[in-house]
Amino acid sequence: MSDSCIFCRIASGDIPCSKVYEDENVLAFLDLGPARPGHTLVIPKEHCSGLLDFPAEKGSALLAAIQKVAAAVVMTTGAEGFNLIQNNGAAAGQSVFHLHWHIIPRVEGDGIETWKPGSYPDTAAMQALAAQISSNIGK
């Protein structure tokens, strides 16, 4: 636990939250600034700053918890779908540096925008970037 991390303090019970799920490794609670009612955060109780620091061997239990919580959020809110968002780094919009996922219930026409699609200049540029990324996997 990091004493300065707000999510660690929530996970330890030092700061109250509107808890929706908890097990020995995961906590889920309503976001204080929801994009829509039911917007829920899912965190590992163990501190890590982002996805690249998270132990991969713990991923299946975390994913199972996210699935349970997302299903309950959708059922409870009557959503037609949901966004599962996980930001890494300030440039990506991460403001709390403790790994977490946002489950945002969605309905048609709710006005929430995700991103506007871009494009590559041509297929060759796209393939060149794919090759560069591929060469860096595992490094």
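Residues numbered from 1 in each chain as written. Predicted model: local features only at pLDDT ≥ 70, side-chain atom pairs only at ≥ 80, totals over all residues. Heavy atoms only, no water.

S.K.: Explain the overall build of the protein chain to me, using residue names and the numbers behind them.
M.R.: In terms of regular secondary structure, the protein chain is built from three helices and five strands. In terms of principal-axis extent, the alpha carbons of the protein chain reach across some 50 × 40 × 25 Å. The burial tally for the protein chain puts 30% of its 139 residues in the buried class. Placing the 9 positive and 14 negative side-chain charges of the protein chain at their respective mean positions leaves the two points 1 Å apart. (Helix = DSSP H or I, 4+ residues; strand = E, 2+ residues; numbered from the N terminus. Buried < 20%, exposed > 50% of the residue type's maximum accessible area, 1.4 Å probe, protein only. Lys, Arg positive; Asp, Glu negative; His and termini not counted. Charge placed at Lys NZ, Arg CZ, Asp CG, Glu CD.)

S.K.: Could you give me a rundown of the side chain of Asp-110, with the residues and numbers involved?
M.R.: Within the secondary structure, Asp-110 is located in the loop between strand E5 (101–106) and helix H3 (123–135). Looking at Asp-110, its side chain comes within polar contact range of the side chain of Arg-106, at 2.7 Å. Among the polar contacts made by the side chain of Asp-110, one reaches the main-chain amide nitrogen of Ile-112 at a distance of 3.0 Å. Excluding anything up to four places from it in sequence, Asp-110 contacts Arg-36 and Pro-105. (Polar contact = N/O pair within 3.5 Å; in protein donor to acceptor, adjacent residues only side chain to side chain. Contact = heavy atoms within 4.5 Å.)

S.K.: Go over the nonpolar core, please, and point to the residues and values.
M.R.: Counting 15 residues, the largest nonpolar core has Tyr-21, Val-26, Val-42, Leu-62, Ile-66, Val-69 and Ile-103 as its most contacted members. Mapped onto this core, the elements with two or more residues apiece are strand E2 (26–30), helix H2 (59–77) and E5. The element that contributes the greatest number of residues to this core is H2, accounting for six residues. Setting aside anything within four residues of it in sequence, one finds Leu-62 in contact with Val-26, Val-42, Pro-44, Phe-54 and Trp-101. Counting residues in hydrophobic clusters, the runner-up holds 10 residues, among them Phe-7, Cys-8, Leu-27 and Ile-43. (Core = buried A, V, L, I, M, F, W, Y, C linked by side-chain atoms within 4.5 Å.)

S.K.: Would you mind going over H2 in detail, with residue names and values included?
M.R.: Its 19 residues give H2 an end-to-end C-alpha distance of 27 Å, which sits within 8% of 27 Å, the value for a rise of 1.5 Å per residue. Along H2, the residues that are buried comprise Leu-62, Ala-65, Ile-66, Val-69, Ala-70 and Val-73. The arc that holds every buried residue of H2, seen down its axis, measures 135 degrees, which confines them to one face. Facing away from the buried surface of H2 by more than 90 degrees, the exposed residues are Ser-60, Gln-67, Lys-68 and Met-75. The elements touched by buried residues of H2 are strand E1 (19–22), E2, strand E3 (40–44), strand E4 (81–85) and E5. Directly beyond the C-terminal end of H2, a positive phi value near 70 degrees is found at Gly-78. (Expected span 1.5 Å × (residues − 1). Arc of directions from axis to C-beta.)

S.K.: Got a sec to walk through a nonpolar patch on the surface? Specific residues and values, please.
M.R.: Residues Tyr-120, Met-126, Leu-129, Ile-133 and Ile-137 make up a contiguous nonpolar surface patch of about 500 Å² in total accessible area. The topology assignment puts Tyr-120 in the loop between E5 and H3. (Patch = residues over 30% accessible without salt bridge, like charges linked within 9 Å, V, L, I, M, F, W, Y side chains within 5 Å. Areas by Shrake-Rupley, 256 points an atom, 1.4 Å probe, with all protein chains shown as cover. Salt bridge = Lys/Arg side-chain N within 4 Å of Asp/Glu carboxyl O.)

S.K.: For the environment of Lys-139, give the residues involved together with the corresponding values.
M.R.: The residue Lys-139 is located in the segment after H3 in this model. Lys-139 sits 122 residues away from Cys-17 along the chain, and the two C-alpha atoms are 39 Å apart. Engagement of the side chain of Lys-139 in a polar contact is seen with the backbone oxygen of Ser-135, the distance being 3.4 Å.

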